[in-house]
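Per-entry structural report
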Amino acid sequence: MTEYTPPKVWTWNKENGGAFASINRPIAGPTHDKELPVGKHPLQLYSLATPNGVKVTIMLEELLALGHKGAEYDAWLIRINDGDQFGSGFVEVNPNSKIPALMDRSGPKPIRVFESGSILVHLAEKFGEFLPTEQPARAETLSWLFWQMGSAPYLGGGFGHFYAYAPEKIEYAIDRFAMETKRQLDVLDRRLAETEYLAGADYTIADMAVWPWYGGLALGRMYNDSGEFLSVQEYKNVQRWAAAIDARPAVQRGRMVNRAFGEPAMQLHERHDASDFDTKTQDKLAAE
C-alpha cells in the first residue's frame, strides 16, 4: 500500500469514493428538482430499509399493533444509490439528505421531522407509547437512544465501510473499528445481563433504535461474514435480546417496508395499507 501524505488543502477526488462514490459529495443541497409524493394518510414516510430506516417502520408497525389508527402511514421508497435523497422535495424535508424523513400532516400545519432518533421521539410523544413519562425510566430510555445515535457511526461508517465496502482492505482501519464495535457489543451485553430490555423491563424506542444495527449484527445479517469475524455469538445477552425482538410480528413487518434488496418475499417497496404485506411484496407482484 502506498503511503499517503495529506496535502496542505484537501480537494475532492470523486473517483476515490469507493462503493458510494456516485452519491457522496462534500456539499449539501438538491441536485435535481423532484417533488415528493403524498399519500392518503397523515404520516408520510420517505425512507429505505437500512438500519436507520427500519427503526421508524418498526415503531409505526408497533403503534398500529397497539391499535393506534392515527399511526397509519404511507411509506415511499427513497433509492439512495440512485440519489433520490438529493431531490428538491426530499431536501425540503431533510436538509441533510439522509433517510428516513417524515412529514406529519395530522395537524393544521405539516411538521417535518428528520433524523431517526428525532422521529422516534416525535412518534412516542405523539401517541404516548414506548417512551416512559416518569423518571428515571425516561432518562434511561433517552440515554440508550442517544447512545445508539453516537455509537452506530463507528459500526456503520467505520467498521462496516472499511470491512465490506472500501476499495481496499486497510488493516489499521479494520482493526481500529472492529475493536470499537466489539467494545460496544460488550457495553450492550453487560447492560442486557441486568435487564430484559435496554431501558429496563419494558420494550422502548431505545430497543427499536439499537436493534436494527446491533441486533442485525448479532443475527449475522450485516456486512457479509462480519458476524463470524467479530465472534458475535460470544455476546449471549445480546443474542437473547436480538432473538426476542426479531420474533415480534411488528418488527418482522417493519423490516419489510421500503426494502429493495434481498429475498423478493421480504421486499415491500411501498406501504400504503396493512393489506400490502399480503398482496404487494415483490414476489407476489412478479407472479401477477
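Residues numbered from 1 in each chain as written. Predicted model: local features only at pLDDT ≥ 70, side-chain atom pairs only at ≥ 80, totals over all residues. Heavy atoms only, no water.

In the nomenclature of an unreviewed UniProt entry, the chain is known as GST-like protein of Mesorhizobium robiniae.

A separate point is the overall build of the chain. The secondary structure content of the chain amounts to eleven helices and four strands. For 288 residues, the compact-globule estimate of 2.2 N^0.38 gives 19 Å, and the C-alpha radius of gyration of the chain, at 19 Å, lies within 12% of that figure. Each of the three principal axes of the chain carries a C-alpha extent, and together these read 60 × 50 × 45 Å. Looking at the chain alone, contacts between residues at least 24 apart form 65% of all its contacts between residues at least 6 apart. (Helix = DSSP H or I, 4+ residues; strand = E, 2+ residues; numbered from the N terminus. Rg over C-alpha atoms; globule rule 2.2 N^0.38 Å. Contact = heavy atoms within 4.5 Å.)

Right, let's talk about the packing of helix H5 (residues 171-192) against helix H8 (residues 236-246) for a bit. At a minimum axis distance of 7 Å, the contact between H5 and H8 shows a crossing angle of 75°. Taken as axis vectors, H5 and H8 run roughly perpendicular relative to one another. Together, Leu185, Leu188, Asp189 and Leu192 of H5 and Lys236, Asn237, Val238, Arg240 and Trp241 of H8 make up the contact between the two elements. Counted by class, the contact of H5 with H8 contains five nonpolar, one polar and three charged residues. (Axes fitted to C-alpha atoms, helices over the stretch in contact; angles between N-to-C directions. Parallel < 35°, antiparallel > 145°, perpendicular 65-115°, else oblique. Nonpolar A, V, L, I, M, F, W, Y, C, P; charged D, E, K, R; others polar.)

What follows deals with the nonpolar core. If you look at the biggest cluster of nonpolar residues, it comprises 63 residues, and the most contacted ones within it are Met59, Leu123, Ile205, Tyr214 and Trp241. Per element, the largest residue contribution to this core is ten residues, and it comes from helix H6 (residues 205-218). Every residue in contact with methionine 59, bar those within four places of it in the chain, is listed here: Leu120, Leu123, Ala124, Glu129, Phe130, Ile205 and Met208. (Core = buried A, V, L, I, M, F, W, Y, C linked by side-chain atoms within 4.5 Å. Buried < 20%, exposed > 50% of the residue type's maximum accessible area, 1.4 Å probe, protein only.)

Turning our eyes to something else, we now look at the packing of H5 against H6. Direction vectors running N to C along H5 and H6 enclose 110°, while the axes themselves pass 11 Å from each other. The orientation of H5 relative to H6 falls into the category roughly perpendicular. In contact with Thr181, Gln184, Leu185 and Leu188 of H5, H6 contributes Val210, Tyr214 and Leu217. Of the residues belonging to the contact of H5 with H6, the class tally is five nonpolar, two polar and no charged.

Okay, the pairing of strand E4 (residues 111-114) next. In the sheet, strand E3 (residues 101-104) pairs with E4 via four bridges, with the strands oriented antiparallel. Opposite alanine 101, over in E4, you have phenylalanine 114 as the bridge partner. Between E3 and E4, which follow one another and run antiparallel, lie six residues. (Pairing = 2+ DSSP bridges.)

Now for helix H1 (residues 51-65). Here H1 is 15 residues long and its end C-alpha atoms lie 21 Å apart, about the 21 Å a rise of 1.5 Å per residue gives. Taken across its 15 residues, H1 has twelve buried, putting it largely inside the fold. Those residues of H1 that sit buried are Gly53, Val54, Lys55, Val56, Thr57, Ile58, Met59, Leu60, Glu61, Glu62, Leu63 and Leu64. Among the residues trailing H1, glycine 67 stands out with phi positive, at a value near 95°. (Expected span 1.5 Å × (residues − 1).)

In this section: the UniProt feature "domain: GST C-terminal" (unreviewed entry) in the chain. The UniProt entry lists residues 134-268 under the feature "domain: GST C-terminal" (unreviewed entry), expressed in the numbering used here. Secondary structure within residues 134-268 divides into 65% helix and 0% strand; the distance between the first and last C-alpha atoms comes to 37 Å. (UniProt positions renumbered as here; feature names shortened; annotations may be inferred.)

Looking at helix H9 (residues 249-256), one finds that the buried residues are Ala250, Val251, Gly254, Arg255 and Met256. Buried residues in H9 make contact with H1, H6, H8 and helix H10 (276-279).

Structurally, the position occupied by isoleucine 170 is in the loop between helix H4 (137-165) and H5. Considering only alpha carbons, one finds isoleucine 170 and phenylalanine 277, 107 residues apart in sequence, at a separation of 42 Å.

To continue, consider the pattern of salt bridges. When the charged atoms of two side chains lie near each other, side chains of opposite charge can form a pair. Enumeration over the complete set of coordinates arrives at 13 salt bridges. As a salt-bridge pair, glutamate 61 and arginine 271 come within 3.2 Å of each other at their nearest N and O atoms. Here glutamate 61 is found in helix H1, whereas its partner arginine 271 is found in the loop between H9 and H10, with 210 residues between them in sequence. With respect to burial, glutamate 61 and arginine 271 carry one shared label: buried. Close ionic contact of glutamate 72 with arginine 271 constitutes a salt bridge, the shortest N to O distance being 2.7 Å. Taken together, the residues glutamate 72 in the loop between H1 and strand E2 (73-77) and arginine 271 in the loop between H9 and H10 connect sequence positions 199 residues apart. By relative accessible area, which is 0% here, arginine 271 ends up buried. One salt-bridge network, held together by shared partners, links Glu61, Glu72, Arg253 and Arg271. (Salt bridge = Lys/Arg side-chain N within 4 Å of Asp/Glu carboxyl O.)

Between isoleucine 99 and the following residue, proline 100, the backbone shows a cis peptide bond with an omega angle of 0°. Looking along the chain, the bond that leaves glutamine 135 and enters proline 136 is cis, with omega of 5°. Relative to the elements of secondary structure, proline 136 occurs in the loop between helix H3 (116-127) and H4. Not every positive phi belongs to a glycine, and phenylalanine 130 is a case in point at roughly 65°. Along the chain, the position of phenylalanine 130 falls in the loop between H3 and H4. Exposure remark for phenylalanine 130: the relative accessible area of 14% places this residue in the buried category. With a phi close to 60°, asparagine 224 is a non-glycine residue in the positive phi region.

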